[in-house]
Amino acid sequence: MVGETLQKLLMTAWLLPLLGFVVEIFFGFWSKNPRHSKAAAWTAVGCIGAGFLCSLTALVMWGTASNAFDDGDAEGWMSQQADINHARHPHHEADSSEGAPPHEHEGADHDAEHHGSSEAGADHILTAVATEDDGGPKLERGQTVYSGTIYTLGVFGSLELTLDYYIDSLTLVMFTMVTLIATCIHLFAIGYMSDELTDEYVDHFAHKADGSHVHRPGRFYRFFAFLSLFCFAMLGLVLAGNIFQVFIFWELVGICSFLLIGFYTERKTASDAANKAFIMNRIGDFGFLIGLMVLWTYFGTFRFGDTMVDNEVVDQGLFSMVHRAEDGNFDRDELTGDVLITGTDGHVLTNEDGSNRQIPYYLLVVVGLGIFAGCVGKSAQFPLQTWLPDAMEGPTPVSALVHSATMVAAGVYLAGRFFPMFVQEVLLTIAYTGCITLFLAATIAMVATDIKKVLAYSTISQLGYMMLGIGVFGWAAGLFHLITHAFFKSLMFLCSGSVIHGCHHEQEMPKMGGLLKKMPITAITMLIGVIAISGLAIPGVIAFSGYHSKDAIVASALAFKNANSAHFLLFFIPLLTAGITAFYMFRLWFYTFWGAPRDQHVHDHAHESPWIMTAPLLILSVFAAFCAVGGDHGYLYLLLTGDEPAHLEAGVTAVGDGITLPAIQDIVDEHTTAGTWALVAAVSGTLIAYILYGTNFVNVEEMKRQLAGVHGFLTNKWHFDELYDALFMRPAHKVAAFCAWFDGAVFDRILHGAAKATVVVSKWDRVFDENVVDGFVNLIASATQSVGTSLKVVQTGRLRQYVMFIVLGVVALFAVMFTTFPG
Amino acid sequence: MLHDPDLNSYLFIGAVLFVCGVICMATKRNAIGVLMGVELVLNGANVNFVAFSRYTTLGLDGQIFSLFVIVLAAAEAAVALAIVLNFYNNHLTVDVDRGNKLKG
Amino acid sequence: MNPDVLLSAIIFLPALGALLLAFLDSRAVVQIRAIALGFTVATFVLTLMLWGQFKYAEAGMQMLVVKEWIPTWNVYYRLGVDGISLPLVILTSFVTMLAAVASWSINKQHKGYFILFLLLETGMLGVFLSLDFFLFFVFWEVMLLPMYFLIGVWGGPRREYAAIKFFLYTLIGGVLMLIAMLMFYFNSGGTTDSFNLIELAKAASGTSTTLTTTLSPNLQITAFVLLFIGFAIKLPAFPFHTWLPDAHVEAPTPISMILAGVLLKLGGYGIIRVAFPLCPYGAYYAAYALVGIGVFSIIYGAFAALAQTDFKRLVAYSSVSHMGYVLIGLGVWKIGEATGKTINPDMWLMGINGAMFQMIAHGVSSAGMFFMVGVIYDRVHHRDLNKFGGLMGRMPLYSGLAAGLFFAGLGLPGLCGFIGEIFVVLSAWNYSPTLAIIAASGVILTAGYILWAMQRVYMGTEYKGPHSEDITPINGRELTVAGVLLAFAIILGVFPGILFDMMQSSTGALVDSMQLGYEKAAATLNELQAMR
């Protein structure tokens, strides 16, 4: 079975880094010479490299088993795609007025006869049909999703929380991308981190109180342990078969990011940045949690896909619980407007009391926004973008792997993965968030001087592009850009790492310049990355990856603008920013590698990096340049979109005065127009950068002085840090101080007051006791005594007198008796 | 005019004896005299006991009671005489007015 | 071992150890430590045997022991174990064992310390295993005195204050429980089962064969409030929590471990074992207050922790915050007014399981955190967060373990804190979206105070406080305790099923019986309504 093999391969690729982590973190225990040995690093490389081979095998298997490359012309596969989409929803067939396409019958058949897993108990396969490997019919596009359960966390009646896997084209492409880039970066890091291979590492950026530098043992193996843990978490995130599991690994990549940003724990800036990153991510995760709660309450499951046993759906996944009608909108209850919750076959599910199961539409918006809030945090989108530039405190390989290629892209990945559940309002929010982010970050990147900061802002900006792409219904475009960006941005980060390594940890571009001759490989590979991200190309002749993917996004935006003219900004701002992107990237390149050296000291020390660092650069530059070759007819695009959400094909029609989402054909129609505009923008940006920084025609310093206001605003990152500090940080600490004060001042004071009151009461009690109670007793005693004293006179001691008393007494008694009881 | 003595006659005799005894106790300063008064009082009571016993349905109770009283009186007299002797040893007199040491 | 003997053996073995210690020469410190540790280990082994004999599928009480104790007042010596008490029993013996190892740092009056320590263990295990209300109460109070002396004699500078505060708070809780206990006794006719927690619970849900009368719905509410306050003090929930920071700060490290690891769980256990089953209607009536208090405790505790400068106080407030989740999980019981049936009973079941898990998880992680604070305190003798720093370089292994345990407290997936928190929060939306959202916001604050504390203690260029020369790497004994705790945090975080399987039958039965209890009370109320 293809699905089972794929699962095993990917599970291996996923778990190997965890094994690596366990080996490496305890490296100090089983190595004789842990501070000088590179064994830990090679273990990590081995694990992730083996993971890459597994992923690649899986991808190739999947590619050959399916008709993924049955591309033909664009029209061709797209119409085929349409057929299959129809076939996947047989009840649509009746409505479909189109003539029955040739594949339809076959598709429907496949849908009907699911081949269950041959192994009893293995929950396997879903929407998909697995075919016999050789000779059997190939898998159709859009039908190759495998999902099932790895193990169960907890079962509560009908509720079940599990760890699942969900394997489709997106999973496979992401796996391959992540493992490939990670392998390259691991190799690079062996060279970059080699100065940690010492018993006494001097950290020039951490100053003690007396001004001396911190001396500490090297932490080479610890770095690789963290990297391995990160790879495990990241791959787990991609493999995750349910949104809860995504959340689990979401947090785990977050903590790995925390550990890696704060790798130089001695530096205050590093630990601050690490905390900031984690806490800002947690703000996003707060939203994520809200989304999860709503999903859990209304759907009772977190699974993406259905779990099948023996052709029966045993556990329904989220994606088949809401059903899209012909016009692309969710089926809704006619009276309440709530979205109906359906079974896999499209029938509405019912509650125990017979009423239809449904979820209010606004809660579906809440779900979408909540999940997206998580994405905002992880992908550093507006308004949670401020952590990513600070995260550059981590070692450069970390920036390349975690903070550009993989983890930050996880937000986009999740938005893509969860796409079938998003409604128009959410998509529009995503689009505008992306749009604001891409512009905001690009403007800051124009003035940043730290080479890594420029790249960081560029990352944020590019992530904004991806979000925008997804938001304007360019699902494929956004994820396409995710992959291409991962290659060229990790390449550029590694190049910057090579520069920093070569210049002895100098990161300020104004101190560089003219490094082209000293570091030719780095400079050339960097140029490839810069061209790729800028989207420069000679159409029809040669185009690097970024051209294709950005083109796709701009085309989607244009199609969206055509469909919803009110949202024209969603097209123009990205277009403008395409120019800005080209400008700041070439500015970076010219600043660093071109012209004359600005700091002779730095220049003298600069040297090209060793082969272990340049080799990954070369590998990545090949991918950065050519991974997207062929654009939307190319292998990458076809692989990636193999299982794209079904409703993309026809678009979504607006409800009332809502948003219309363009169909794929509409986007394809805009490709040429959008591509031209984007290219014009990129070329003008490049030219401006060349004029300002590549030549001496213009005095840049003079310009800065004249535009000091704007420049200051931008260098201060639009004052977001100050704003958040004033808005959130300080109030939080105020509230915290208040709570602590409240505890002491109110509760304890009440308590102490009560205690004191008790003491006062006891004192009064004592007074009362001594005076009133004792007084009474004493009174009785003294009264008795005085009576006795007064009676003692009677006791004369005279016998005869006593007899007299007796006699008188008797007489008196008699008298009384006779008077009282006469007769 | 002599008739059969009835209960009242005996009670009258008892009362006379009692009052004589009491007066004797109250007036005699000699301790022996006082003791004799006591004997009179007791015997007055004895007369009453016997009389009631004879004239009512008490049966022999009264007689037995009076026997007890006589025995008791004897014992009392013995103790009292011992006290008197001791008193005399200490004070060289048997005048009860001199024995006022029990004064409160 | 015969179950009759096993339960009693578990409870009284530590007490036996205490008796044995009493005959030892007080100068024989090594022997005293060894014997005390031996007895805690033996108790732990016995609890593991208990686990071995435990039948997962059975929902009710197992291994029942019933002996006459004070027959005149219908007080019996009743013991038993079910899926709710078993994990807590194991946790108790486990944490106590580790605390015994951590007690090496006690440096005066060893004999008295270990005698009280073992008596405390007897008290705690007794509470978890007793099924007679009176016996429960007796053990509850038995626990109190050793704790008072352990804080008051071996504690920090303000130990007397802290000990008295702890004592008074808990005593008030005990008194309220006593009142409620008498309410039950006299309203159930004073028969032989009037202190029997199982029968009282059955009576409340109308399935008892021996008890015919029970509290009226209105009295149930009163009884529940009394019991709840009694247990909330122990939990501790806002606003009954102020004894906790003081007690923790002043208590010696091992006692803090027990305090946070076990004693706080008694509050949650009391609610789930006594307050809930005995007054189902009262529980439903007060559910919103429960959840509300839980949510408020989370936020309030987290904010208060954020402002602390004393490391141990910070961890203490984190306990207040974390135990809030327990209340939420227990309280998310929603009943449809129209049908009188629980809405989404599986959600509530999940909440209860999550709350139980959170108790165990917190027992592991907070004991670990307190131990980690104790390790550094033993070296530098201060706990001022602003005077630490750079420990990552000075004590790398210690810092690594501490980071792991603090991450467990932070609720990181893969570690124990995550499962409890997230399961509780997920179950909460069904009950009240508003409260659920506020509870979820706790994740931000938790991350804030824990990471900030870690930054100030473990990161940074250099150590800034006094006694810098005394900072030595973690020793083998400390490594064992911390390592074991971290290992458990990971095991529970990755395989939460271990606990859920254990609890499942019992919690499921609890949910069902509570539903019955509510229906019975509702029926009674309807009758009253009709009579008017």
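Predicted model, so just to flag it, every value in this text is computed and none were measured.

Turning our eyes to something else, we now look at the overall build of chain B. Within chain B, the secondary structure is distributed over three helices and zero strands. Computed over C-alpha atoms, the radius of gyration of chain B comes to 17 Å, more than 25% over the 13 Å expected from 2.2 N^0.38 for 104 residues, which places it beyond the range of a compact globule. On the principal axes, the C-alpha backbone points of chain B span a range of 50 × 30 × 25 Å. Counting every position in chain B, which comprises 104 residues, the buried fraction comes to 19%. Pairs at least 24 apart in sequence give 49% of the contacts found in chain B among residues at least 6 apart.

Low pLDDT means the predicted coordinates in that region are not meant to be read closely. Residues and elements named next belong to chain B. Scored by pLDDT, chain B comes out at a mean of 87, with 95% of its residues at no less than 70. Per-residue pLDDT, averaged within each element of chain B, yields its smallest value for helix H1 (residues 7-27) (89) and its largest for helix H3 (residues 61-91) (91). In the model output, the complex is listed with pTM 0.85 alongside ipTM 0.93.

Once that is clear, we can look at the packing of helix H2 (residues 31-55) of chain B against H3 of chain B. Residue and element names in this part refer to chain B. For the pair H2 and H3, interaxial distance at closest approach is 9 Å and the crossing angle is 175°. The angle between the axes of H2 and H3 places the two elements in the roughly antiparallel class. For the pair H2 and H3, contact is made by Ala31, Ile32, Leu35, Glu39, Leu42, Ala45, Asn46, Phe49, Val50, Phe52 and Ser53 and by Asp61, Gly62, Gln63, Phe65, Ser66, Val69, Ile70, Ala73, Ala77, Ala80, Val84 and Phe87, respectively. Among the residues making up the contact of H2 with H3, the classes are represented as 16 nonpolar, five polar and two charged.

Moving on to the confidence of the model for chain A. For chain A, the average pLDDT comes to 83, and 90% of its residues sit at 70 or higher. Per-residue pLDDT stays below 50 along residues 72-137 of chain A; that stretch engages in 110 contacts with residues further than four places along the chain or on separate chains.

Right, let's get into the interface of chain C and chain A. Facing the 44 residues of chain C at the interface are 47 residues of chain A. Contributing elements (two or more residues each) for the side of chain C that touches chain A: helix H12 (287-306), helix H14 (345-380), helix H15 (391-394), helix H17 (416-428), helix H18 (433-458) and helix H20 (497-531) of chain C. Per-element tally for the side of chain C that touches chain A: the top contributor is H18 of chain C, with eleven residues. Along the lines of polarity and charge, the residues of the side of chain C that touches chain A split into 29 nonpolar, 13 polar and two charged.

Attention shifts here to the interface of chain A and chain B. Tallying the contact residues gives ten residues for chain A and twelve residues for chain B. When the residues that make up the side of chain A that touches chain B are grouped by side-chain class, the tally is four nonpolar, three polar and three charged.

A word on the pairing of strand S2 (residues 159-167) of chain A. Residues and elements named next belong to chain A. Sheet analysis places strand S1 (residues 146-156) next to S2, joined by nine bridges and oriented antiparallel. Each bridged residue has a counterpart across the sheet, and for Val155 the counterpart in S2 is Glu160. Linking S1 back to S2 in an antiparallel pair, the connection comprises two residues, with Gly157 at a positive phi of about 60°.

Bringing the environment of Ile531 of chain A into the picture now. All names here are of chain A. As for its position among the elements, Ile531 is in helix H18 (residues 520-534). In this structure, the C-alpha to C-alpha distance between Ile531 and Ala624, residues 93 residues apart in sequence, is 9.6 Å. Leave out the neighbours within four places in its chain, and Ile531 touches Leu536 and Phe544.

With an omega of 5°, the peptide bond running from Phe382 of chain A to Pro383 of chain A counts as cis. Summarising the element assignment, Pro383 of chain A is placed in the loop between helix H11 (361-378) and helix H12 (387-390). The linkage connecting Phe238 of chain C with the following residue, Pro239 of chain C, adopts the cis geometry, with an omega of 0°. Within the secondary structure layout, Pro239 of chain C lies in the loop between helix H8 (217-234) and helix H9 (243-250). For Asn344 of chain C, which is not glycine, the phi dihedral falls at a positive 50°. Within the secondary structure, Asn344 of chain C is located in the loop between helix H13 (311-331) and H14. If you check the backbone angles, His467 of chain C has positive phi at about 60° while not being a glycine.

Bringing the domain arrangement of chain A into the picture now. What the domain assignment reports for chain A is domain 1 (2-55 + 167-298 + 362-506 + 538-715) and domain 2 (724-795). When each unit is reduced to the centre of its C-alpha atoms, the spacing between domain 1 of chain A and domain 2 of chain A is 68 Å.

Right, let's talk about the packing of helix H19 (residues 545-563) of chain A against helix H20 (residues 569-593) of chain A for a bit. Residue and element names in this part refer to chain A. Two elements in contact, H19 and H20, have axes separated by 8 Å at closest approach and are oriented at 155°. The orientation of H19 relative to H20 falls into the category roughly antiparallel. By crossing handedness, the relation of H19 to H20 is classed as left-handed. Where H19 abuts H20, its residues Lys550, Ile553, Val554, Ala557, Leu558, Phe560 and Lys561 lie against Leu570, Phe571, Pro574, Leu575 and Ala578.

This brings us to helix H17 (residues 475-502) of chain A. The α-helix winds at 3.6 residues per turn, so residues separated by three or four positions along the chain end up facing the same way. Residues and elements named next belong to chain A. Between the first and last C-alpha of H17 there are 40 Å, a value that for 28 residues agrees with the 40 Å anticipated at 1.5 Å per step. His485 marks where H17 bends most, by close to 30°. Taking burial as the measure, the 28 residues of H17 include 27 buried ones, the bulk of the element. Immediately beyond the C-terminal end of H17, within one or two residues, lies His504, with a positive phi of roughly 55°.

In this section: the environment of Gln424 of chain A. All names here are of chain A. Considering the arrangement of structural elements, one finds Gln424 in helix H15 (residues 424-447). The class of Gln424 is buried, set by 20 C-beta atoms lying within 10 Å. Separated by 418 residues in sequence, Gln424 and Leu6 have C-alpha atoms that sit 34 Å apart.

All right, on to the environment of Ile64 of chain B then. For Ile64 of chain B, the location among the structural elements is in helix H3. When the C-alpha atoms of Ile64 of chain B and Tyr88 of chain B are compared, they prove to be 36 Å apart, with 24 residues separating the residues in sequence.

Cut-off values and rules
- Residue positions are counted from 1 within each chain, in the order its sequence is given.
- The lettering of chains begins at A and the numbering of ligands begins at 1, in the order of writing.
- Given that the model is predicted, a residue must reach a pLDDT of at least 70 before its local features are reported, and side-chain atom pairs must reach 80 or more before they are shown or counted; all residues, however, enter totals for whole chains, interfaces and linings.
- Helix and strand definitions follow DSSP, with helices as H or I runs of at least four residues and strands as E runs of at least two, each counted in order from the N terminus.
- Radius of gyration means the value over C-alpha atoms here, while the globule rule gives 2.2 Å times the residue count to the 0.38 power.
- The exposure label follows from counting other C-beta atoms within 10 Å of a residue's C-beta, where the C-beta atoms are placed from the backbone and the thresholds are 20 or more for buried and 12 or fewer for exposed, leaving partly exposed in between.
- With C-beta atoms placed from the backbone, a contact is any residue pair whose C-beta atoms sit within 7 Å.
- Confidence per residue, as judged by the predictor, is encoded in pLDDT with a range of 0 to 100.
- Helix axes use the C-alpha atoms of the stretch in contact, all axes being lines fitted to C-alpha atoms, and the angles between their N-to-C directions lie in the range 0 to 180 degrees.
- Note on angle classes: values under 35 degrees are labelled roughly parallel, values over 145 roughly antiparallel, values of 65 to 115 roughly perpendicular, and the remainder oblique.
- For this scheme, ten residues count as nonpolar: Ala, Val, Leu, Ile, Met, Phe, Trp, Tyr, Cys and Pro. Four count as charged, namely Asp, Glu, Lys and Arg, and the remainder, Gly too, count as polar.
- Pairing between two strands is assigned when DSSP locates at least 2 bridges connecting them.
- These domain limits were set by an automatic method or by a database of domain assignments.
- In a left-handed crossing the near helix is turned counterclockwise from the far helix by less than a right angle, and in a right-handed crossing that turn is clockwise.
- By this rule the span expected of a helix is its residue count minus one, scaled by 1.5 Å.
- One axis fitted to the seven residues ending at a residue, another fitted to the seven starting there: the angle between these axes is the bend at that residue.

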